[in-house]
Amino acid sequence: MRLLFSIGAVLVAGMFAGGDVAGIAAPGPKFEPPKNEPRRFAADRDTQTVDVELILAVDVSYSMDMDELAIQREGYAQAIQSKEFLQALKLGPNGRIAVTYFEWAASSDQKIIIPWRLVDGPETADAVAAEIMKTPIRRASRTSISGAITFAMPLFDEDPYRGLRRVIDISGDGPNNNGGPVTVARDAALEKGIVINGLPIMVKEPSYSTMDIDNLDLYYEDCVTGGPGSFVITIKDRDKFKEAIRTKLLMEVAGRTPDRPVMRVADKEPRVNCLIGEKIWSDRWGR
């Protein structure tokens, strides 16, 4: 079931009154090695178990201005270092997650900024945040959400850690306009048991020059996200950018969704055209 949320309805202060995250961070299913597995290998496997394998896939297409890109970077770095995030982390069954962070634009343009890293406390969180911030900001052409999902899927096979959950977190400010259809990539990920969450960025008025759409939130819900407990948190206010990122990461670490949905669950049939980005591109450029 996929849910859509407005950041205005999911404030961190309301969720974690007094800094207490216990209300949403109840432990998930405990990882149990097979009974016939030798103890040594079972112990090694348990050491490598994390609560979630989390891929942060971040849009750096030209429709994102430099200020948005800088705020986005800072938002992820600060969220990972935040007290709320570290509290949620420790309340998980293993108290640690594995995370990787990559930037994407066209179907052939993905760049890993942070390879798989274990985050299990303030020191490792600070190290990941520092890595995110030290990398120069870049921009690139086209928007291929399908390319980002396709690139992300095999990264789980390269992760040395075993997650109780596997999540791809897609943030972006426009629909897919390059590469294969986004629904095909999404469905391939869902078949592998991967959950996809979304962070549609809607802080600017839709414009012809950037090929934005005015219902990007519905597009993300109906065409991009999926899997058990998947959700969308929409950013419509630039001042809420960092707060939205922090809220989203808290939800993903805790394996929860925000309490108050502001829109209905998606219908079986998409409410928007999942090929709208490709159509806009074709209408504009004739290809």
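Conventions adopted
- Each chain has its residues counted from 1, following the order in which its sequence is written.
- Note on the predicted model: pLDDT of at least 70 is required for a residue's local features to be given, and 80 or more for side-chain atom pairs to be given and counted; whole-chain, interface and lining totals, by contrast, use all residues.
- Side-chain measures here rest on the full set of heavy atoms in the structure, leaving out hydrogens and waters.
- Each helix corresponds to a stretch of at least 4 residues labelled H or I by DSSP, and each strand to a stretch of at least 2 residues labelled E; elements are numbered beginning at the N terminus.
- Accessibility throughout is a Shrake-Rupley quantity obtained with a 1.4 Å probe, and a residue counts as covered only by protein chains that appear here.
- By convention a nonpolar core is built from buried Ala, Val, Leu, Ile, Met, Phe, Trp, Tyr and Cys residues, the set being connected through side-chain atoms within 4.5 Å.
- Three exposure classes are used, based on accessible area relative to the maximum for each residue type with a 1.4 Å probe and protein chains only: buried under 20%, partly exposed in between, and exposed over 50%.
- Axis geometry follows a simple rule: fit a line to the C-alpha atoms, using only the stretch in contact for helices, then measure angles between N-to-C directions, giving values from 0 to 180 degrees.
- Should an angle lie under 35 degrees it is considered roughly parallel, over 145 roughly antiparallel, and from 65 to 115 roughly perpendicular; all remaining angles are considered oblique.
- A contact between two residues is defined here by any heavy atoms of the two lying within 4.5 Å.
- In this classification, Asp, Glu, Lys and Arg are treated as charged, Ala, Val, Leu, Ile, Met, Phe, Trp, Tyr, Cys and Pro as nonpolar, and every other residue, Gly included, as polar.
- One less than the number of residues in a helix, times 1.5 Å, gives the span that helix is expected to have.
- Cysteine sulfur atoms that come within 2.5 Å of each other are treated as a disulfide pair.
- In what follows, salt bridge is the name for a side-chain nitrogen of Lys or Arg lying within 4 Å of a carboxyl oxygen of Asp or Glu.
- Predictor confidence is given residue by residue as pLDDT, running from a minimum of 0 to a maximum of 100.
- As used in this structure description, the phrase polar contact means that two N or O atoms lie within 3.5 Å; if the pair is within protein, one of them must be able to donate a hydrogen and the other to accept it, and residues adjacent in sequence are counted only when both atoms belong to side chains.

> What is the right way to read the overall build of the protein chain from this model?
Looking only at helices and strands, the protein chain features 11 helices and nine strands. Total accessible area on the protein chain is roughly 12600 Å²; 52% of this is exposed by carbon and sulfur atoms.

> So what exactly am I meant to see when it comes to the nonpolar core here?
It is characteristic of soluble globular proteins that their nonpolar side chains tend to be buried jointly. Counting 41 residues, the largest nonpolar core has Tyr76, Phe85, Tyr101, Val119, Ile132 and Leu249 as the members making the most contacts within it. It is helix H10 (residues 241-254) that provides the largest number of residues to this core, a total of seven residues. Counting residues in each nonpolar core, the second largest holds 34 residues, with Val50, Ala152, Met153 and Cys223 among its members.

> Looking at this model, I keep getting lost on the packing of helix H3 (residues 66-81) against helix H4 (residues 83-90). Mind explaining?
For the pair H3 and H4, the least separation of the axes is 5 Å and the interaxial angle reads 55°. Here H4 runs oblique to H3, going by the angle between their axes. Counted together, Ala79, Ile80 and Gln81 of H3 and Lys83, Phe85 and Leu86 of H4 form the full contact between these two elements. Its residues assigned to classes, the contact of H3 with H4 shows four nonpolar, one polar and one charged.

> Any chance you could explain H10 here in plain terms?
Residues lying three or four places apart along an α-helix face the same way, a consequence of the helix completing one turn every 3.6 residues. When the terminal C-alpha atoms of H10 are compared, their 20 Å separation across 14 residues agrees well with the 20 Å that a helix rising 1.5 Å per residue should span. Counting buried residues in H10 gives 12 out of 14 residues, a clear majority hidden from the surface. Along H10, the residues classified as buried are Phe241, Glu243, Ala244, Ile245, Thr247, Lys248, Leu249, Leu250, Met251, Glu252, Val253 and Ala254. Phi turns positive, to about 70°, at Gly255, one or two residues after H10.

> Sorry, what's going on with the state of the cysteines here?
In a disulfide, the sulfur atoms of two cysteines are held together by a covalent bond. Counted under the stated rule, the structure contains one disulfide. Two residues share a disulfide in this structure: Cys223 and Cys274, whose sulfurs sit 2.0 Å from each other. Judged by the sign of its S-S torsion, about -80°, the bond between Cys223 and Cys274 is left-handed. Pair noted here: Cys223 is in helix H9 (residues 216-224) and Cys274 is in the loop between H10 and helix H11 (276-285), with a separation of 51 residues, a long-range link.

> Just checking my understanding: could you explain the environment of Ser146 for this structure?
Locating Ser146 in the fold gives a position in helix H6 (residues 145-152). Since its relative accessible area comes to 3%, Ser146 is described here as buried. Sequence separation between Ser146 and Asn177 is 31 residues, and the spatial gap between their C-alpha atoms is 9.1 Å.

> It is not clear to me how the pattern of salt bridges should be interpreted in this structure. Could you clarify?
Between side chains of opposite charge, a pair can form as their charged atoms come close. In total, this model carries 15 salt bridges according to the counting rule given. Residue Glu53 pairs with Arg166 through a salt bridge whose shortest N-O separation is 3.1 Å. Within this pair, whereas Glu53 is found in strand E3 (residues 53-59), its partner Arg166 is found in strand E7 (residues 166-172), the two being separated by 113 residues in sequence. Connected through salt bridges with shared partners, the residues Asp65, Asp67, Glu68 and Arg238 form a single ionic network.

> Any chance you could explain the confidence of the model for the protein chain here in plain terms?
The predicted structure's coordinates, where accompanied by low pLDDT, should not be read in detail. Chain-level pLDDT for the protein chain is 81 on average; 77% of the residues reach the 70-or-more range. Per-residue pLDDT, averaged within each element of the protein chain, yields its smallest value for helix H1 (residues 12-15) (40) and its largest for H6 (98).

> Just to check I follow, could you spell out the side chain of Glu103 for this structure?
When you line up the elements, Glu103 lands in strand E4 (residues 97-104). A polar contact is formed between the side chain of Glu103 and the side chain of Arg138, at a distance of 3.4 Å. If we ignore the near neighbours within four places in the chain, the residues touching Glu103 are Val58, Val60, Arg73, Asp109, Gln110, Lys111, Ile113 and Arg138.

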